[in-house]
Each structure stands twice: as C-alpha cells, then as structure tokens.
Amino acid sequence: MDSSSVFTIRKHTNLLTKFPSLCYFQPADFNQAGWLLFGLHISPASLVDFACFSGLPVEPLAGWMVGPYEVLLMRGEVRPDIVALTDALSLDCVPLYNIPKLYEPGLALFDMDSTVIQIECIDEIAKLVGVGDKVSAITEQVMQGELDFEESLRKRVLILKGTDVSILEQVRCTLPLMPGMRLLTASLQTRGWKVAIASGGFSWFSDFLCESLSLSYAESNQLVIENGKLTGEVTGRVVDAQRKADILLDLTNRYELGIENTIAVGDGVNDLKMMSVAGLGIAYHAKLKVQQEAQVVIRHATLGGVLCVLSASLLRQGFNWKE
C-alpha cells in the first residue's frame, strides 16, 4: 500500500520551527502530558491565547504530523476554558487517557450513518419518495435520545412501505463517504487493526461499504423486500444500542483482542453503549448529549482526527518518526 493511500505519521521541520520546545522531548516526558491539541494549522499565537485564558504556561512537549494535521502533546490537564478556546479556533483537544496502542492489533467499530457516511440513509430514501420531513423528524428525535430506537425504526420503515428498490439503489450508488474515512480505514488496516460497522441503518448500505472499504465485518438491520418493493418491515434482530455494544464484545473475542485496544466511533445517543464498552469511545461531530458523555470528542477534524488521537500511543513505543 503506497503512502498516498494512508495517513502518514511523521515529524515535520515546520513544527519544530514554530515550537522550539519540541526539539527537547524525551520519552520520559510523556508522563507530564495530559492532552492533545490537533488541527490543520496550530499557530504559536494560539498557545499564547491558551496561556492567557488559563493563567498557566502552555508549552508543547512533542509534536508530529498525521496526514495534513498538526498534533501537539501538551502538559497538564485539559480544562473547560481550553476546550472552549480550541473550539473557537476550530481546533480539537482531547484528554490523554485510555489511548489504545496503535502499534498492536486492535478493533475500530464505527456507526454508519453520519459517521462513516455523511447522510442518514433512511432520510435520503424518504426524500426521494416524498416523505422526507415526516421521517427525518423522527430520525432527529432518535439521535437525540428522545424516542425508543426499535419502535421508531419500525415506524419509519412502515412509512416507506411500497418504495421500489430502485430508490435504494439510487442512494447506494451515491453514498458520500465521510471525509477521511477511506484513508483512516487503510491506515488502521495497515497496522493490523480490524475495522467494522455496527449500524442502526440497513444492510443494503452497510454490506456495500463492507465490500468497498474491505472491512472485517458489518451488521445492520434487514429490510423486507417482496416483488421489488419494501414491505414496510424489518426482519431479524434489530441493531439497537445494546446490540452495538454486543457486536463490539463479540468481535473483540473473535479476533482475540484486549478490550483496552478497541475504539467505538459514533455520533448519536444510540452509539453511547458501544462507546462505553470500548477501550476508548469517540464522539465524532456528535449530538450534544453524546459529546457530554463520550471520553473523547472530535468536533472539527475529519475522521483523520481519530488517527491523531491514536498516534499519541506511538510515543510510548519510541516510534521511529519519518522526517
């Protein structure tokens, strides 16, 4: 696999020029670190702002690049005022704990809709058959945790009764991957990680993504189709919040991994259980309730931000950074 198909993790002279303290990093300094700061461009002025707001000196211990992203390892603990400032600067900051080891085999389990792909498939189908507002209103309530997932799923699918499968094919042919997903998947797979999907969406789409991204596993809900049309029903076990958590545990056992070397990435309340079971739960461009409960929150970066977080584990290994 050539370097253009993965996120390259490397040192960069530009970072050393901007932040001279990076030249003096020693592996033992990792014990002083408490959080990561990352984004497409981190200016020295940003760190001056952090120091002014927090009243404490803010000096990076180490720095590296993950694809186009600049990543800094920071002293101390990330505080609410720092989170607010990074958000205002369109940067991301995450606490440095429970980071799985990127240099050992692991599992990355993703929600599908609005995580792996940029859309909610059921909403797109509904738009094409003229019931978009009716279905999307229910979807939003589910994502916010205001409705029972299985009940709402069956209700929404029933609204789509009679939809021709050509509509599903139309949506599937134009699935917009979330930016960074293909490179992130390849980057994890190159390092021996399994990448999988656990989705409250539909197998019509998750199976397609499993094949096109060469994923290890995908599970989602099964639509009932008769004579080329949706019957308005789903069959088999519904992939709800508990099932997502069970899938994570099942795959961890299947691949003989430690739970500490797993991540779960999602954006809705239905993802919180699998995120709490995983070694590290990551809220990606998520609903507010999910951000409040997740261990790690990525608000601005693409899915490449997931690798920014995991790359911190390489410092413990004494990683031989590429210049």
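Above this text sits the structure in question.
Below or above, wherever it landed, is the structure these notes cover. No experiment lies behind these values; they were computed from the predicted model shown.

### Some points on unusual backbone geometry
Of note, Ser-114 is a non-glycine position whose phi angle comes to about 65°, a positive value. A positive phi angle is found at His-285, which is not glycine, with a value near 45°. With respect to the helices and strands, His-285 occurs in the loop between strand S11 (280-284) and helix H12 (288-293).

### Notes on the sheet that holds strand S3 (residues 60-66)
Overall, antiparallel pairing links the five strands, which are arranged S1-S3-S4-S2-S5 in an open sheet. In this open sheet, the two edge strands, each paired with only one partner strand, are strand S1 (9-10) and strand S5 (92-95). Bridging between strand S2 (residues 33-39) and S5 involves four bridges; their strand directions are antiparallel. Within S5, the residue paired with Trp-35 across the bridge is Pro-95.

### Regarding the environment of Pro-100
Looking at the secondary structure, you find Pro-100 in the loop between S5 and strand S6 (107-110). With 178 residues separating them in the primary sequence, Pro-100 and Ala-278 have C-alpha atoms 10.0 Å apart. Setting aside residues up to four positions removed in sequence, Pro-100 forms contacts with Trp-193, Glu-260, Asn-261, Thr-262, Ile-263, Leu-280, Leu-310 and Ser-313.

### A look at the nonpolar core
Trp-64, Leu-73, Phe-110, Leu-188, Phe-205, Ile-263 and Val-306 are the most contacted members of the largest nonpolar core, which has 74 residues in total. Counting residues per element, this core draws most heavily on helix H13 (residues 304-311), which supplies five residues. In this view, Leu-73 contacts Phe-25, Phe-30, Ala-33, Trp-35, Leu-36, Pro-60, Leu-61, Ala-62, Trp-64, Leu-96 and Leu-315; residues no more than four positions away in its chain are not counted. Core analysis: the next-biggest nonpolar cluster, separate from the first, contains 21 residues, Ala-196, Ile-247, Leu-248 and Leu-272 among them.

### Looking at empty space enclosed by the protein
Counting across every chain of the model gives one cavity of 30 Å³ or more. Approximately 220 Å³ is the volume found for the largest cavity. In terms of lining residues, the largest cavity is bounded by 20 residues, among which Glu-120, Met-143, Phe-149, Gly-200 and Gly-201 are the most central. The set of elements that each furnish at least two residues to the lining of the largest cavity consists of helix H5 (132-143), helix H6 (149-159) and strand S7 (194-202). Tallying contributions element by element places S7 first for the lining of the largest cavity, with four residues. Across the lining of the largest cavity, the residue classes tally to seven nonpolar, six polar and seven charged.

### Comments concerning the pairing of strand S10 (residues 262-266)
Of all the five residues making up S10, five are buried; the element is thus mostly covered by neighbouring parts of the structure. Going residue by residue along S10, you find Thr-262, Ala-264 and Gly-266 tucked away on one face and Ile-263 and Val-265 tucked away on the opposite face as well. Across four bridges, the pairing between S6 and S10 is parallel. Looking across to S10, one finds that Phe-110 is bridged to Val-265. Bridge count between S10 and S11: four bridges; the pairing is parallel. Paired with Gly-266 across the bridge in S11 is Ala-283.

### A few points about the packing of helix H2 (residues 44-54) against helix H3 (residues 80-88)
With their axes 10 Å apart at the nearest point, H2 and H3 run at an angle of 145° to one another. Note on packing geometry: the crossing formed by H2 with H3 is right-handed. Contact residues: Asp-49, Phe-50, Phe-53 and Ser-54 in H2; Asp-81, Ile-82, Leu-85 and Thr-86 in H3. Its residues assigned to classes, the contact of H2 with H3 comprises four nonpolar, two polar and two charged.

### Regarding the pattern of salt bridges
Tallied over the full model, the rule gives twelve salt bridges. The partner of Asp-164 in a salt bridge is Lys-229, and the shortest N-O contact between them spans 3.4 Å. Here Asp-164, found in the loop between H6 and helix H7 (165-173), pairs with Lys-229, found in strand S9 (residues 229-235); they are 65 residues apart in sequence, far enough to count as distant. The exposure class assigned to Lys-229 is partly exposed, which follows from its relative accessible area of 38%. Close ionic contact of Arg-237 with Asp-246 constitutes a salt bridge, the shortest N to O distance being 3.3 Å. What emerges from the salt-bridge pattern is a single network uniting Asp-111, Lys-244 and Asp-271.

### Some details on the packing of helix H4 (residues 121-128) against H5
In the contact formed by H4 and H5, the axes pass within 7 Å of each other and the chain directions differ by 165°. With respect to H5, the element H4 is oriented roughly antiparallel. The crossing of H4 and H5 is right-handed. On H5, the residues that touch Ile-122, Asp-123, Ala-126 and Lys-127 of H4 are Gly-132, Val-135, Ser-136 and Thr-139. Among the residues forming the contact of H4 with H5, the class breakdown is three nonpolar, three polar and two charged.

Calculation criteria
Residues numbered from 1 in each chain as written. Predicted model: local features only at pLDDT ≥ 70, side-chain atom pairs only at ≥ 80, totals over all residues. Heavy atoms only, no water. Helix = DSSP H or I, 4+ residues; strand = E, 2+ residues; numbered from the N terminus. Pairing = 2+ DSSP bridges. Contact = heavy atoms within 4.5 Å. Core = buried A, V, L, I, M, F, W, Y, C linked by side-chain atoms within 4.5 Å. Buried < 20%, exposed > 50% of the residue type's maximum accessible area, 1.4 Å probe, protein only. 1 Å grid on protein atoms, 1.4 Å probe; cavity = no way out; pocket = protein on both sides within 12 Å on 5 of 7 lines; lining within 4 Å. Points joined across faces, edges and corners; volume = space filled by probe spheres on them. Nonpolar A, V, L, I, M, F, W, Y, C, P; charged D, E, K, R; others polar. Axes fitted to C-alpha atoms, helices over the stretch in contact; angles between N-to-C directions. Left-handed = near helix turned anticlockwise from the far one by under 90°. Salt bridge = Lys/Arg side-chain N within 4 Å of Asp/Glu carboxyl O. Parallel < 35°, antiparallel > 145°, perpendicular 65-115°, else oblique.

Everything listed is a geometric property; what it means functionally is a separate question.
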